Each structure stands twice: as structure tokens, then as C-alpha cells.
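The lines below spell out each chain.
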Amino acid sequence: MNTGVKTAAFAAALAAAFGAAYGVGAGVGPVGSPVEVEHANHAQAPASKGADAGHGGHAEAAAQAPAAGGLQVSEGGYALSLDTPRIEGGRGELRFSVKDAEGRKVTSYKTEHGKELHFIVASRDLTVYRHLHPVRAADGTWSTPVDLPAAGGYKAFADFTPAGEGAKGVTLGADLAVPGAYAPNPLPAEARTVDVDGYQVTLGGTLDPGKAGELKLTVAKDGKPVTNLEPYLGAYGHLVALRDGDLAYLHVHPNEGGPGPDVSFTATAPSAGAYRLFLDFQHEGRVRTAAFTVSAGTRPAPGTDANAPVAPAAPATTPAPAAEPGDAHTH
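A brief report on the enclosed structure follows. Keep in mind it's a predicted model, so treat the numbers as computed, not measured.

This model, assessed by the stated rule, comprises 8 aromatic pairs. The interplanar angle of 80° and the centroid separation of 6.1 Å between the aromatic rings of Tyr-78 and Phe-160 together place this pair among those described as edge-to-face. Placement of Tyr-78 in strand S3 (residues 78-82) and of Phe-160 in strand S9 (residues 152-160) is noted, with a sequence separation of 82 residues between them. Between Tyr-109 and Phe-160, the aromatic rings sit 5.7 Å apart at their centres with planes inclined by 85°, giving edge-to-face as the arrangement. With Tyr-109 in the loop between strand S4 (91-99) and strand S5 (117-123) and Phe-160 in strand S9, the pair connects residues that are 51 residues apart, well separated along the chain. Side by side, Tyr-109 and Phe-160 carry an identical accessibility label, which is buried. Among the aromatic residues, those joined into a cluster by ring pairs are Tyr-78, Phe-96, Tyr-109, Phe-119, Trp-142 and Phe-160.

Here's what the structure looks like:
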């Protein structure tokens, strides 16, 4: 999409979301680094075997494409309610709850890999990413500190499985805003290698609409493969994928593997288009996040070097202790 058109659409959507609570200033201010990612104490996905068989043909691919998650604030009898839909200055405590069909706050969840609920915040332009672990109070209210670097529109995702026999996982999404003058960043260009805090992470494989495929990420440091990635809450890597435009949340399934340098996942895109992939990995006691832009069902724009490295991503700022291997939930 033309950058000017995309920017105008973004501004219009955000202005509507902000409403009368605060105005969108006529001036446009800086919004920070074009690639800003951070991981904060999140459980990784479990290992699972193999990849689903692919589906050929456009019609069949469309029929077989998985439903995207996180597009609705309410689904399956559950609703995500943000007590703090705006974060003044981008820093503060974010409070929310999950409510059932009767409007009651949910207080009983299935524990998956040591956590009842996993929480993600991403900017609408997909250049800011936070993976957080909120704490639940006895009444069902969740809270977590959050630090967002720029004014603009964000989306919060709650990924959980309610307690109960046969309960299925639910991913809900709600709009979040940081008031102030803003200008959305363009989607970062496609690149197969990114540099994160002295680590080089290379992406192999493709993301295809309606067809399961392997995404393999290889971690190196100082030009040498990292073969001793550390398990963090159950796995050697965790991947989140969000679709550009509406921030649809993809469920990505990890494959079996050892402690590096490769971390492999099976993914199916629900449609053609651009996606942002966020890989969390731990080494030497610290979690880092590598972010990629990937096209599903389309080729990079003319003049785009899909193999060129991108600017270094901001490293995670919160060290996390290593954990013993074990099962963990998938995205």
C-alpha cells in the first residue's frame, strides 16, 4: 500500500478511536525507533511433531485457511474488558479483566506452562511489541506495568483457556491508545536476517496462505551458530505472528528441536498479505526478541532486498532466569 494512503488510513482510524476524550493534534511528532521490540517474562510454546499437510489450489487454500484470532473483543462467551484503554504518557499500570457471558469476571483458567493467561501489546504499525505477564487478583482483575515508547494506537491481546472440561483456547483483542501527537512508521522492509543485541537471526522458509509450511529461524552470535540456547519456561523459542492492517493473531505451532542454532515452527497464514513475526529466544540468561516482516502469497516490492539485514532491534531490557524444559502453550 502507498505509504501516504496507509498513513492517512491509520490516522483516521486512530482519531475515531480516540474520539472526544482527546483530540489528535494538527502537528505530527516523532514516535521513536522504527523497530522496537521487548519481551517480558513469557512462557514459550511446546514442541510438537511435524507439520500439517499442505492444501493445493486457491479455492481449497481459502477454505482451509485457519481463522485468525484476536480480531474480536468478545468471542465464545468471553469478553476482554480494559479498565485502562488509554495509557497517559505511555507508561503506567494496565488493568483489565476477562468476563463471561453473564458479565462476571473470570477467575478460573487452565494453567498452561505455569501461566493462566498470556498478554501481548503491539502498536498498530507493528513496530512496537511487548509480551507481558500480568498478575491476577482474587476478584479476576489482571494488572501489569507497561512502557510504550510512542503516542498512537495499540492493540492488546489476551490468550487463555478457561477452566472446564473440553474448554478451548481463546484469543481476544481490544484497542489501546497512548494520547499525543503521532505519525505511524511504515512497515519495516522484508529482510531474512536481523541483528539483535549482537545476535544474528536468519529466517528460512515461507508463510503461505491456506497452506502449512515451516518457518526455521537460525540464531548466531559473532558469526558462529548458537548451539546452547536456553529453555525458557519450556522451549527454545516462541513465535508470535500478526497480520499487517488488522493485527490478526496467528496460531503458530512449534516443531521438535534441540538447543539451537535452529528453532522451527509450522505456520499457516489465513490470507495473502504482510505479516510481522516476533521470535523470543533466551541465551546467557537473557531473553531477546527478533522481528521480521514476511509476505504471504506475494513477492517483495520491486527494489526490496529480501536478504538484506535490517537495523538492530532494541533488546529486551528485563533479564529472565533460565527454566527447566517442559511443556508450554502454542500460538
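Once that is clear, we can look at the nonpolar core. Buried together is how nonpolar side chains tend to be arranged in soluble globular proteins. Formed by 28 residues in total, the largest nonpolar core has its most connected members in Leu-94, Leu-117, Phe-119 and Val-121. When contributions to this core are tallied by element, the ones reaching two or more residues are S3, S4, S5, strand S6 (128-132), strand S8 (141-147), S9 and strand S10 (170-178). Per-element tally for this core: the top contributor is S10, with 5 residues. Excluding its chain neighbours within four sequence positions, the residues that come into contact with Leu-94 are Leu-82, Thr-84, Ile-87, Phe-119, Val-121, Trp-142, Ser-143, Thr-144, Val-146 and Leu-176.

Spatial ordering of the open sheet is given by S16-S15-S19-S20, a layout of 4 strands whose pairing is antiparallel. Edge strands, defined here as strands with exactly one partner in the open sheet, are strand S16 (249-250) and strand S20 (286-296). Sheet analysis places strand S15 (residues 238-243) next to S16, joined by 2 bridges and oriented antiparallel. Counterpart to Leu-242 in the pairing with S16 is Tyr-249.

Locating Glu-112 in the fold gives a position in the loop between S4 and S5. A relative accessible area of 23% means that Glu-112 is categorised as partly exposed. A C-alpha to C-alpha distance of 8.4 Å links Glu-112 and Phe-160, two positions 48 residues apart in sequence.

Further remarks concern the side chain of Thr-289. Tracing the backbone through its elements, the reader meets Thr-289 in strand S20. Side chain to side chain, Thr-289 and Asp-280 meet in a polar contact 2.6 Å long.

A few words on the sheet that holds S8. Pairing between the strands of a sheet comes from backbone hydrogen bonds, and it takes one of two forms, parallel or antiparallel. If you walk across this open sheet you meet the 5 strands as S2-S3-S4-S8-S7, and the pairing is antiparallel. Looking at which strands have only one partner, the edges of the open sheet turn out to be strand S2 (74-75) and strand S7 (135-136). Two elements, S7 and S8, share 2 bridges in a ladder whose sense is antiparallel. Counterpart to Arg-136 in the pairing with S8 is Trp-142.

Right, let's talk about the pairing of S8 for a bit. With respect to burial, S8 is a largely interior element, 5 of its 7 residues being buried. Across 7 bridges, the pairing between S4 and S8 is antiparallel. From the neighbouring strand, Arg-95 faces S8, where its bridge partner is Ser-143. Here S7 folds back onto S8 in antiparallel fashion, the turn holding 4 residues, of which Gly-140 has a positive phi close to 95°.

In this structure the tally under the stated criterion is 10 salt bridges. We note a salt bridge from Glu-116 to Arg-136, for which the minimum N-O separation is 2.8 Å. Linking Glu-116 in the loop between S4 and S5 with Arg-136 in strand S7, this pair joins segments that are 20 residues apart in sequence. The exposure class of Arg-136 is partly exposed, given its relative accessible area of 26%. As a salt-bridge pair, Arg-124 and Asp-175 come within 2.5 Å of each other at their nearest N and O atoms. Remark: Asp-175 occurs in strand S10 and Arg-124 occurs in the loop between S5 and S6; sequence separation between them is 51 residues. The partly exposed category is assigned to Arg-124, whose relative accessible area is 23%. The network of salt bridges with common partners includes Asp-197, Arg-286 and Arg-288.

Reading guide: rules and limits
- Residues numbered from 1 in each chain as written.
- Predicted model: local features only at pLDDT ≥ 70, side-chain atom pairs only at ≥ 80, totals over all residues.
- Heavy atoms only, no water.
- Phe/Tyr/Trp six-rings, centres within 6.5 Å; stacked < 30°, edge-to-face > 60°.
- Helix = DSSP H or I, 4+ residues; strand = E, 2+ residues; numbered from the N terminus.
- Buried < 20%, exposed > 50% of the residue type's maximum accessible area, 1.4 Å probe, protein only.
- Core = buried A, V, L, I, M, F, W, Y, C linked by side-chain atoms within 4.5 Å.
- Contact = heavy atoms within 4.5 Å.
- Pairing = 2+ DSSP bridges.
- Polar contact = N/O pair within 3.5 Å; in protein donor to acceptor, adjacent residues only side chain to side chain.
- Salt bridge = Lys/Arg side-chain N within 4 Å of Asp/Glu carboxyl O.

Fair warning: the whole summary comes from geometry, so function is off the table for now.
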